Amino acid sequence: MKEIIAEILSDAVRAPSGDNHQPWKFEVEDNVINVFNLPERDTILYNYGQHGSYFSHGCLLENIIIASSARGYSVEFKVLPDSNNAEWTMSLTLINRTIEKDPLYAFLDKRSTNRKKYKNDPLSLPEAKALEETAFSIGEGAVHLVTNR
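Residues numbered from 1 in each chain as written. Predicted model: local features only at pLDDT ≥ 70, side-chain atom pairs only at ≥ 80, totals over all residues. Heavy atoms only, no water.

A.B. asks: Just to check I follow, could you spell out the overall build of the protein chain for this structure?
C.D. replies: Helix and strand counts for the protein chain come out as four helices and four strands. Helices and strands in the protein chain line up, N terminus first, as α-β-β-α-β-β-α-α. Projecting the C-alpha coordinates of the protein chain onto the three principal axes gives extents of approximately 50 × 40 × 20 Å. Where the 16 positive side-chain charges of the protein chain centre and where its 21 negative ones centre are 6 Å apart. (Helix = DSSP H or I, 4+ residues; strand = E, 2+ residues; numbered from the N terminus. Lys, Arg positive; Asp, Glu negative; His and termini not counted. Charge placed at Lys NZ, Arg CZ, Asp CG, Glu CD.)

Printed below as a string of structure tokens:
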């Protein structure tokens, strides 16, 4: 079970977080993963009141659910709040059962972090077309681009 959980968490930590600070810590016991927020890891201005970190924990939860499905596990979870531990954000119990692999699993390892300074330029026509074609190639995807500032 330890190896499976290690694989799941390896996939899970690809979840987006502010400046890729990954403000979480895991404690694992048997088939239960407890997740804790690490406020000292994400001190950027945009993380006012830890809202950004909590959003990242939600992304982490989604990745854990997706990664677990690829290994035949479903996830039962309990999330905030816990008046006894302010840094605890969730407890996840992995359950071995027949479950369909989430089609999003194929995309977990495609996440990348862009640390370049953002430009405020509109997309070029070829860029917009490439985005639309990618959405259509996935199957039921759609892209709606807003071009009016």
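A.B. asks: In this structure, what is going on with unusual backbone geometry? I would like to understand it.
C.D. replies: Among all residues except glycine, the phi angle is most often negative; among peptide bonds, the trans geometry is most common. Omega for the peptide link from L80 to P81 comes to -10 degrees, which places this bond in the cis form. Its location among the elements puts P81 in the loop between β3 (73-79) and β4 (88-96). Positive phi, close to 50 degrees, is recorded for D19, a residue that is not glycine. Note that D19 resides in the loop between α1 (2-12) and β1 (24-29). Of the residues examined, D19 reaches a relative accessible area of 43% and is grouped as partly exposed. Notably, Q22 is not glycine yet its phi reads approximately 45 degrees, a positive angle. (Buried < 20%, exposed > 50% of the residue type's maximum accessible area, 1.4 Å probe, protein only.)

A.B. asks: I tried to follow the packing of α1 against helix α2 (residues 51-69) on my own but got confused; where do I start?
C.D. replies: Angle between the axes and distance between the axes are the two parameters that describe a pair of packed helices. Two elements in contact, α1 and α2, have axes separated by 8 Å at closest approach and are oriented at 135 degrees. Accordingly, the angle class assigned to the pair α1 and α2 is oblique. Note that α1 runs across α2; the crossing there is right-handed. Taking contact as the criterion, the partners of I8, L9, D11 and A12 in α1 are, on α2, L60, N63, I64, A67 and S68. Of the residues in the contact of α1 with α2, the class split is six nonpolar, two polar and one charged. (Axes fitted to C-alpha atoms, helices over the stretch in contact; angles between N-to-C directions. Parallel < 35°, antiparallel > 145°, perpendicular 65-115°, else oblique. Left-handed = near helix turned anticlockwise from the far one by under 90°. Contact = heavy atoms within 4.5 Å. Nonpolar A, V, L, I, M, F, W, Y, C, P; charged D, E, K, R; others polar.)

A.B. asks: Please clarify how the packing of aromatic side chains should be interpreted in this entry.
C.D. replies: Between two aromatic rings, the relevant description is the distance of the centres plus the angle of the planes. On inspection of all chains with the given rule, the structure shows zero aromatic pairs. Over the ring of F36 we find K25; its NZ or CZ atom is 5.3 Å from the centre of that ring. (Phe/Tyr/Trp six-rings, centres within 6.5 Å; stacked < 30°, edge-to-face > 60°. Lys NZ or Arg CZ within 6 Å of the ring centre and 35° of its normal.)

A.B. asks: Got a minute to help me understand helix α4 (residues 125-138) in this structure?
C.D. replies: Turn by turn, an α-helix covers 3.6 residues, leaving residues three or four places apart pointing in a common direction. Counted at 1.5 Å a residue, the expected span for α4 with its 14 residues is 20 Å, and the 20 Å between its end C-alpha atoms agrees. Phi for G139, located one or two positions after α4, is positive at around 135 degrees. (Expected span 1.5 Å × (residues − 1).)

A.B. asks: Help me understand the sheet that holds β1, please; the structure alone is not making it clear to me.
C.D. replies: Paired through backbone hydrogen bonds, the strands of a sheet run either parallel or antiparallel to each other. The antiparallel open sheet is built from four strands, whose spatial order is β1-β2-β4-β3. With partners counted over all chains shown, the strands left at the sheet margins are β1 and β3, one partner each. Between one strand axis and the next, the sheet turns by 20 degrees as a mean value, whatever way the strands run. Sitting on the sheet, α1 is in contact with β1, β2 (32-37), β3 and β4, with an inclination near 165 degrees to β1. Across the sheet, α2 is in contact with β1, β2, β3 and β4; its angle to β3 comes to roughly 160 degrees. (Pairing = 2+ DSSP bridges.)

A.B. asks: Can you walk me through the nonpolar core in this structure?
C.D. replies: Nonpolar side chains tend to gather and get buried jointly when the protein is soluble and globular. Judged by nonpolar contacts, the single largest core of 20 residues is most densely connected at I33, V35, L60, I64, L92 and L94. Looking at this core, the elements that each hand over two or more residues are α1, β2, α2, β3 and β4. With sequence-adjacent residues up to four places away left out, V35 is seen in contact with W24, K25, F26, H57, L60, E87, W88, T89, M90 and L92. (Core = buried A, V, L, I, M, F, W, Y, C linked by side-chain atoms within 4.5 Å.)

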